[in-house]
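The chain contents come next:
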Amino acid sequence: GESVGLHLPTLSVQEGDNSIINCAYSNSASDYFIWYKQESGKGPQFIIDIRSNMDKRQGQRVTVLLNKTVKHLSLQIAATQPGDSAVYFCAEISGGYNKLIFGAGTRLAVHP
Amino acid sequence: GAVVSQHPSWVICKSGTSVKIECRSLDFQATTMFWYRQFPKQSLMLMATSNEGSKATYEQGVEKDKFLINHASLTLSTLTVTSAHPEDSSFYICSAVPGSSSYGYTFGSGTRLTVV
């Protein structure tokens, strides 16, 4: 596998606050990026995606920002709720290979 | 929406035995399926890419003779962990891609394998 096997960092936020989760990707040739949410014991759940020809995309309560210059992605969650508590992964796809490679992940803990 | 079913959701087996995990696309045909392994508190690591009707492509460091992958139909891929050992205990997750789109990745719910 190609993802980094590190212990997950944790982001703790208060309910109602905005959350920003960051991700550095590895391949400058990657042309498609996805954010996933994973709850304990479950498979990843799609949140939002962005192609390399964009630098921002918004969904419902979520925004993804892409900075290709520094190979950085961020996921912004507005008005964070307890149900948002999970592990969040960014994933990248390199053109022509279709392999989805996951980043290290961040655990989001939402406190009431 | 696209649904991927993975079975079993958990399995316990003895060292030295083999275990088969199934990944099915329920409402679409998947020309490509991916198998991942996830250890506790770590990310998903891609093990192999499974293409219908052809041999799987394994990632570096993954033993193809230990992790047998079969993708005999457009809706089913199987991963067999042969001669399992305790260090093979992990969470195994499959992902399927519809034939018409390279970017519609749908994940199964995962299989927790415990080797005792």
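Above: the structure in question.
So, here is what we can say about the structure in this document. (Residues numbered from 1 in each chain as written. Chains lettered and ligands numbered in written order. Predicted model: local features only at pLDDT ≥ 70, side-chain atom pairs only at ≥ 80, totals over all residues. Heavy atoms only, no water.)

### Considering the overall build of chain B
- A tally of helices and strands in chain B yields zero helices and 11 strands.
- Walking chain B from its N terminus toward its C terminus, one meets helices and strands in the order β-β-β-β-β-β-β-β-β-β-β.
- Its C-alpha atoms give chain B a radius of gyration of 13 Å, near enough to 13 Å, the size a compact globule of 116 residues would have.
- Judged by the C-alpha coordinates and their principal axes, chain B covers about 40 × 25 × 20 Å. (Helix = DSSP H or I, 4+ residues; strand = E, 2+ residues; numbered from the N terminus. Rg over C-alpha atoms; globule rule 2.2 N^0.38 Å.)

### Quick notes on the sheet that holds strand E3 (residues 19–25) of chain B
All names here are of chain B.
- Read from one edge to the other, the open sheet built from four strands follows the order E1-E3-E8-E7, with strand pairing classed as antiparallel. Each end of this open sheet is capped by a strand with a single partner; those strands are strand E1 (4–7) and strand E7 (67–73). Across this sheet, the average inter-strand angle for adjacent strands is 15°, counted without regard to direction.
- In this sheet, strand E8 (residues 76–81) lies alongside E7 in antiparallel orientation, the contact comprising five bridges. The partner of Leu-68 across the bridge, within E8, is Thr-80. (Pairing = 2+ DSSP bridges. Axes fitted to C-alpha atoms, helices over the stretch in contact; angles between N-to-C directions.)

### A word on the environment of Val-115 of chain B
All names here are of chain B.
- Checked against the element boundaries, Val-115 lands in strand E11 (residues 111–115).
- You can call Val-115 buried: its relative accessible area is 6%.
- In contact with Val-115, other than residues within four places in its own chain, are Cys-13, Lys-14, Ser-15, Ala-84, His-85, Pro-86, Asp-88 and Ser-89. (Buried < 20%, exposed > 50% of the residue type's maximum accessible area, 1.4 Å probe, protein only. Contact = heavy atoms within 4.5 Å.)

### What about the nonpolar core?
- In this structure, Trp-35, Phe-67, Leu-79, Tyr-92 and Leu-113 of chain B are the most contacted members of the largest nonpolar core, which totals 24 residues.
- With residues up to four places along the chain from it excluded, the contact list for Leu-113 of chain B reads Val-11, Cys-13, Val-19, Val-81, Asp-88, Ser-89, Ser-90 and Tyr-92 of chain B.
- Counting residues in each nonpolar core, the second largest holds 20 residues, with Leu-8 and Ile-93 of chain A together with Val-97 and Tyr-105 of chain B among its members. (Core = buried A, V, L, I, M, F, W, Y, C linked by side-chain atoms within 4.5 Å.)

These values are about where atoms sit, not about what they do.
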